[in-house]
Amino acid sequence: MGTVKFQTHMSGGNGNLQVTFDNVADVLTFDQNSDDPQEVDLPQGANGYTVTGAASPGPGGNIHLIITGEVDEVYPQDFGPGNIPDQSFAIFVTS
């Protein structure tokens, strides 16, 4: 198992983001008041995760997702204004 940290930064107003995982039951929930990183322990190797939510619909609405920890390099992800439909990604846990 490896510890992976997820953190968001939101701009342009209210927003929310939920992260679910293929290999564990943990669900991470972020909103405009939760700038602190959240951790999840994931099995070593490839792991899928899905994000859904909504960034502020107004000008400048954005959710910036940063993933760090015991993983291969993951580039920050940006989700623009409005609804964020389910989007699936993969990360590789190194420990």
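Okay, so let's go over this structure. (Residues numbered from 1 in each chain as written. Predicted model: local features only at pLDDT ≥ 70, side-chain atom pairs only at ≥ 80, totals over all residues. Heavy atoms only, no water.)

1. Concerning the environment of Glu-70
Here Glu-70 is to be found in the loop between strand 6 (62-69) and strand 7 (77-79). C-alpha separation for the pair Glu-70 and Thr-94, spaced 24 residues apart in sequence, amounts to 5.5 Å. When neighbours within four sequence positions are excluded, Glu-70 is seen to be in contact with Gly-2, Thr-3, Phe-92, Val-93, Thr-94 and Ser-95. (Helix = DSSP H or I, 4+ residues; strand = E, 2+ residues; numbered from the N terminus. Contact = heavy atoms within 4.5 Å.)

2. A closer look at the pattern of salt bridges
Applying the stated criterion across every chain yields a total of one salt bridge. Measuring nitrogen to oxygen at the nearest pair gives 3.9 Å for the salt bridge that ties Lys-5 to Glu-39. Taken together, the positions of Lys-5 in strand 1 (residues 2-11) and Glu-39 in strand 4 (residues 38-42) put the pair 34 residues apart, joining distant regions of the chain. On the basis of relative accessible area, Lys-5 is assigned to the partly exposed category, the value being 35%. (Salt bridge = Lys/Arg side-chain N within 4 Å of Asp/Glu carboxyl O. Buried < 20%, exposed > 50% of the residue type's maximum accessible area, 1.4 Å probe, protein only.)

3. Digging into the sheet that holds strand 3 (residues 27-31)
In space, the four strands of this open sheet follow the order 3-2-5-8, with antiparallel pairing throughout. With one partner strand each, in any of the chains shown, strand 3 and strand 8 (82-93) form the two edges of the open sheet. The mean inter-strand angle of the sheet, taken between neighbouring strand axes irrespective of direction, is 15°. Bridging between strand 5 (residues 45-55) and strand 8 involves ten bridges; their strand directions are antiparallel. If you follow Gly-45 over to strand 8, its bridge partner there is Val-93. (Pairing = 2+ DSSP bridges. Axes fitted to C-alpha atoms, helices over the stretch in contact; angles between N-to-C directions.)

4. So, the nonpolar core
Of all hydrophobic cores here, the largest spans 21 residues; its most connected members are Val-4, Phe-6, Val-19 and Phe-21. For this core, the elements supplying multiple residues, two or more each, are strand 1, strand 2 (16-21), strand 3, strand 4, strand 5, strand 6 and strand 8. Contacts of Phe-21, omitting those with residues within four sequence positions, involve Phe-6, Asp-26, Leu-28, Val-40, Leu-42, Gly-48 and Tyr-49. (Core = buried A, V, L, I, M, F, W, Y, C linked by side-chain atoms within 4.5 Å.)

5. Description of the packing of aromatic side chains
Counted by the stated rule, this structure contains four aromatic pairs. Centre to centre, the rings of Phe-6 and Phe-21 are 5.5 Å apart; their planes meet at 75°, and the pair counts as edge-to-face. Of this pair, Phe-6 sits in strand 1 while Phe-21 sits in strand 2, and the two are 15 residues apart along the sequence. For the pair Phe-6 and Phe-21, a shared accessibility class is recorded, and that class is buried. Aromatic ring contacts, followed pair by pair, group Phe-6, Phe-21, Tyr-49, Phe-79 and Phe-89 into a single cluster. (Phe/Tyr/Trp six-rings, centres within 6.5 Å; stacked < 30°, edge-to-face > 60°.)

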